[in-house]
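Topology and contacts: notes
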Amino acid sequence: MRGKVTIQSIADFTGLSKFAVSRALSGKTGVSAQTRELIFKAAGQLGYFKDSMTAQTDSGELIDLDARKWSGTILVLFPNIRYQNPDSLYWGPVFNGISSRLNQRGINVLTLTEPKDDSMFSLLNPEAIMGVITVGSISTPILVEIRSLGIPVMMVDHHDPSFQCDSIFTDNLSCMKEIMDFVIRKGYKSYQFLGNIRDAQSFYERFLIFRATLEDNGIELKQNPSLNGPDIECFRETFMKAVTDDGLPEVFVCANDIMALFAIETLEMMGIAIPDNLVFTGFDNTHPSIPFIATVNVNKELIGKRAVDQMLWRILNPGTSYEKILIQAEVIIRD
């Protein structure tokens, strides 16, 4: 098994000094542009950037996150929503990624469900909490309370314009664009988007591309507004009324797999046989048994791991601009 690529191994490979390699990789001066390019090319060939979890601090120091001795606790905060918890088919693997990465780094994890008021946060000692990773949609008042703690925050699959911090998402735009281009090439003309676009930033981004791609291809948007906002608790009632009033489209483009599952179950409850020309697209690949024409396989554990990596980088770099990380996903076509 190949050993870990080090600065010394890059120096040996290039015939340069360890000092020159270190300065080039840390972005410091004293190395010519030609030498810097040579070092980065060699580092890439050897797999240094893949193997080494490094972070450059505000002072320019290069820190190896794997080698650094960490101690402390990261708070993982879940929303007070029934289907957004560590047991869900989507959020469970995300949390597994978070907890496994923290365990790998030797950092304690404290999980908390979004409290109804700020009393819980008043009991937390900010000096004992290294940072907060929020998972899913957290309310603005709670985010304001977190800000008062003065510790780094990393959001997973959420955006709040009143709270600036690092965040991580699946690349919703490119994945949904690929799905829409596919179904449009199949010749379908009648579409409905299914999912509460106010429930999650990712759902809203998926709807934006749904709408834009129809417009780009000269297909009229005949979206039933009620299908853009059904909560899961009242989904069946909303969906049944929409189908009764407007009939069925050719394609239901669903915000995620669960929305498609609820739609199919509701049609069965209504005694409506799913016609051959009605197809569903999903997202997240949490229900592979559903006959989707297309869905998206999201690497959920990787999202959790990368959230931790960014949190640790932020701890070392508190003064730099916030970042939005996008994780590419695999579009699955089941033609």
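These lines cover the structure that appears in this document, whether it is placed above or below. (Residues numbered from 1 in each chain as written. Predicted model: local features only at pLDDT ≥ 70, side-chain atom pairs only at ≥ 80, totals over all residues. Heavy atoms only, no water.)

**Remarks on the overall build of the protein**
- When its secondary structure is counted, the protein shows twelve helices and 13 strands.
- Here the protein, with 335 residues, has 49% of them falling under the buried criterion.
- Sequence-distant contacts in the protein: of pairs separated by 6 or more residues, those separated by 24 or more amount to 67%.
- For the protein, the accessible surface area stands at approximately 16200 Å², while carbon and sulfur atoms represent 51% of it. (Helix = DSSP H or I, 4+ residues; strand = E, 2+ residues; numbered from the N terminus. Buried < 20%, exposed > 50% of the residue type's maximum accessible area, 1.4 Å probe, protein only. Contact = heavy atoms within 4.5 Å. Areas by Shrake-Rupley, 256 points an atom, 1.4 Å probe, with all protein chains shown as cover.)

**Side note on helix α2 (residues 18–25)**
- Within α2, burial applies to Ala 20, Val 21, Ala 24 and Leu 25. Around the axis of α2, the buried residues are gathered within 120° of arc, so they sit on the same side. (Arc of directions from axis to C-beta.)

**Things to note about the environment of Phe 203**
- The topology assignment puts Phe 203 in helix α9 (residues 201–216).
- Between the C-alpha atom of Phe 203 and that of Asp 157, which follows or precedes it by 46 residues, the distance is 9.9 Å.
- Those residues in contact with Phe 203, other than ones at most four positions away along the chain, are Phe 193, Asn 196, Ile 197, Ala 255 and Asn 256.

**Some remarks on unusual backbone geometry**
- A positive phi angle, near 60°, is found at Asp 157, a position not held by glycine.
- If you trace the backbone, Asp 157 turns up in the loop between β6 (153–156) and β7 (166–170).
- Phi at Asp 284 is positive, roughly 100°, even though this residue is not glycine.
- Within the fold, Asp 284 resides in the loop between β10 (279–281) and β11 (294–297).
- With a relative accessible area of 5%, Asp 284 lands in the buried category.

**Things to note about the packing of helix α10 (residues 235–246) against helix α11 (residues 257–269)**
- It is at 10 Å that the axes of α10 and α11 come closest, and there the two elements cross at 65°. When the axes of α10 and α11 are compared, the crossing they make is right-handed. Here α10 contributes Phe 235, Arg 236, Phe 239, Met 240 and Val 243 to the contact with α11, which in turn contributes Met 259, Phe 262, Ala 263, Glu 265, Thr 266, Leu 267 and Met 269. (Axes fitted to C-alpha atoms, helices over the stretch in contact; angles between N-to-C directions. Left-handed = near helix turned anticlockwise from the far one by under 90°.)

**Here we look at the packing of α2 against helix α3 (residues 33–46)**
- In contact at an axis separation of 9 Å, α2 and α3 are set at 85° when each is read in the N-to-C sense. It follows from the interaxial angle that α2 and α3 lie roughly perpendicular. When α2 is examined against α3, the residues Ala 20, Val 21, Arg 23, Ala 24 and Leu 25 are found in contact with a partner set consisting of Arg 36, Ile 39, Phe 40 and Ala 43.
- Here the residues of the contact of α2 with α3 sort into seven nonpolar, no polar and two charged. (Parallel < 35°, antiparallel > 145°, perpendicular 65-115°, else oblique. Nonpolar A, V, L, I, M, F, W, Y, C, P; charged D, E, K, R; others polar.)

**Side note on the packing of aromatic side chains**
- The tally for this structure, following the rule as stated, stands at nine aromatic pairs.
- Seen in terms of ring centroids, Tyr 90 and Trp 91 are 4.8 Å apart; in terms of plane orientation they differ by 85°. Their pairing is edge-to-face.
- According to the relative accessible area criterion, Trp 91 is buried, its value standing at 6%.
- Aromatic side chains Phe 193 and Phe 207 sit 5.3 Å apart centroid to centroid with 70° between the ring planes, which places their arrangement in the edge-to-face category. Taken together, the residues Phe 193 in strand β8 (residues 191–194) and Phe 207 in helix α9 connect sequence positions 14 residues apart. The pair formed by Phe 193 and Phe 207 is uniform in burial state, with each residue classed as buried.
- Grouping aromatic residues by their ring pairs yields a cluster made of Phe 235, Phe 239, Phe 252, Phe 262 and Phe 280.
- The side chain of Arg 206 reaches across the aromatic face of Phe 283, ending 3.6 Å from its centre.
- It is Lys 324 that lies over the ring of Phe 169; its NZ or CZ is 4.9 Å from the centre. (Phe/Tyr/Trp six-rings, centres within 6.5 Å; stacked < 30°, edge-to-face > 60°. Lys NZ or Arg CZ within 6 Å of the ring centre and 35° of its normal.)

Everything listed here is a matter of geometry and, on its own, says nothing about what the molecule does.
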